[in-house]
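An overview of the molecular structure
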Amino acid sequence: MYREPHLQRKSEECSDLWWAWKELWNLDMHSEETKEARKKWSKCCSEMSAMISQEVKTNPRYHGIRM
């Protein structure tokens, strides 16, 4: 759960993509459709990672927190 609404929406989008991929994986793990679903999920996760990084750099809430 994220405080920032845009991060929460992206998290939910990635979650939905993961479930879609998982269903396809259970049917046929080697199909092209399964591979494409995995690529979409992976891209979503990379985008979310960049969004989180940007949020930490720009949101005053996170200034001064040691990581």
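Notes on the structure in this doc start here. Residue positions are counted from 1 within each chain, in the order its sequence is given. Since the coordinates come from a predicted model, pLDDT governs what is reported: local features require at least 70, and pairs of side-chain atoms require 80 or more to be given and counted, while whole-chain, interface and lining totals use all residues. As a rule here, side-chain values cover all heavy atoms of the structure and leave hydrogens and water aside.

The subject of this paragraph is the environment of Ser49. To qualify as a helix, a DSSP run of H or I must reach at least 4 residues; to qualify as a strand, a run of E must reach at least 2; elements of each kind are numbered from the N terminus. Mapped onto the fold, Ser49 is located in helix H2 (residues 32-58). Exposure remark for Ser49: the relative accessible area of 47% places this residue in the partly exposed category. Taking the C-alpha atoms as reference points, Ser49 and Lys10, 39 residues apart in sequence, are found 10.0 Å from one another. Summary of the burial criterion: residues with accessible area below 20% of their type's maximum are buried, those above 50% are exposed, and those between are partly exposed, where the area comes from a 1.4 Å probe applied to protein chains only.

We now examine the state of the cysteines. Any covalent bond linking the sulfur atoms of two cysteines counts as a disulfide. Criterion for a disulfide: a pair of cysteine sulfur atoms within 2.5 Å. A full pass over the atoms with the stated rule returns one disulfide. Bridging Cys14 to Cys44, the disulfide has an S-S length of 2.1 Å. Measuring handedness by torsion sign, the sulfur bridge of Cys14 and Cys44 sits at about -95° and is left-handed. Here Cys44 lies in helix H2 and Cys14 lies in helix H1 (residues 5-27), a separation of 30 residues in the sequence. The buried category is assigned to Cys14, whose relative accessible area is 5%.

We now examine the side chain of Lys10. The topology assignment puts Lys10 in helix H1. Given a relative accessible area of 11%, Lys10 falls into the buried group. Once residues within four sequence positions are removed from consideration, Lys10 is found in contact with Cys44, Glu47, Met48 and Met51. Throughout, a residue-residue contact means that at least one pair of heavy atoms, one from each residue, lies within 4.5 Å.

A few words now on H2. The end-to-end C-alpha distance of H2 is 39 Å, a good match for the 39 Å that 27 residues give at a rise of 1.5 Å each. Residues Thr34, Ala37, Trp41, Cys44, Met48 and Glu55 constitute the buried set of H2. Lining the buried residues of H2 we find H1. One less than the residue count of a helix, multiplied by 1.5 Å, gives the span that helix is expected to have.

Axis separation between H1 and H2 bottoms out at 9 Å; the angle between their running directions is 160°. Classified by the angle their axes make, H1 and H2 are roughly antiparallel. Both H1 and H2 take part in a crossing whose hand is left-handed. Residues of the contact of H1 with H2, tallied by class, amount to 14 nonpolar, three polar and seven charged. In this description, a line fitted to the C-alpha atoms serves as the axis of each element, helices being fitted only across the stretch in contact, and the angle between N-to-C directions of two axes falls anywhere from 0 to 180 degrees. An angle below 35 degrees is treated as roughly parallel, one above 145 as roughly antiparallel, one from 65 to 115 as roughly perpendicular, and anything else as oblique. Left-handed is the label given to a crossing in which the near helix is rotated counterclockwise from the far helix by less than a right angle, and right-handed is the label when the rotation is clockwise. Under the convention adopted here, Pro, Cys and the residues Ala, Val, Leu, Ile, Met, Phe, Trp and Tyr are nonpolar, Asp, Glu, Lys and Arg are charged, and Gly plus all remaining residues are polar.

Below, the discussion takes up the pattern of salt bridges. Should a side-chain nitrogen of Lys or Arg be within 4 Å of a carboxyl oxygen of Asp or Glu, the pair is scored as a salt bridge. Here the structure, examined in full by the defined rule, presents six salt bridges. The shortest N-O distance in the salt bridge between Glu36 and Lys39 comes to 3.6 Å. Separated by three residues within a single helix, Glu36 and Lys39 lie in helix H2, roughly one turn from each other. Judged by relative accessible area, which is 39%, Glu36 ranks as partly exposed. Judged by its relative accessible area of 53%, Lys39 falls in the exposed class. Glu47 is paired through a salt bridge with Lys43; the nearest N and O atoms lie 3.9 Å apart. You can see Glu47 and its partner Lys43 sitting in helix H2, four residues apart, about one turn around the helix. A relative accessible area of 54% means that Lys43 is categorised as exposed. Beyond isolated ion pairs, a larger network of salt bridges with shared partners links Lys10, Glu13, Lys43 and Glu47.

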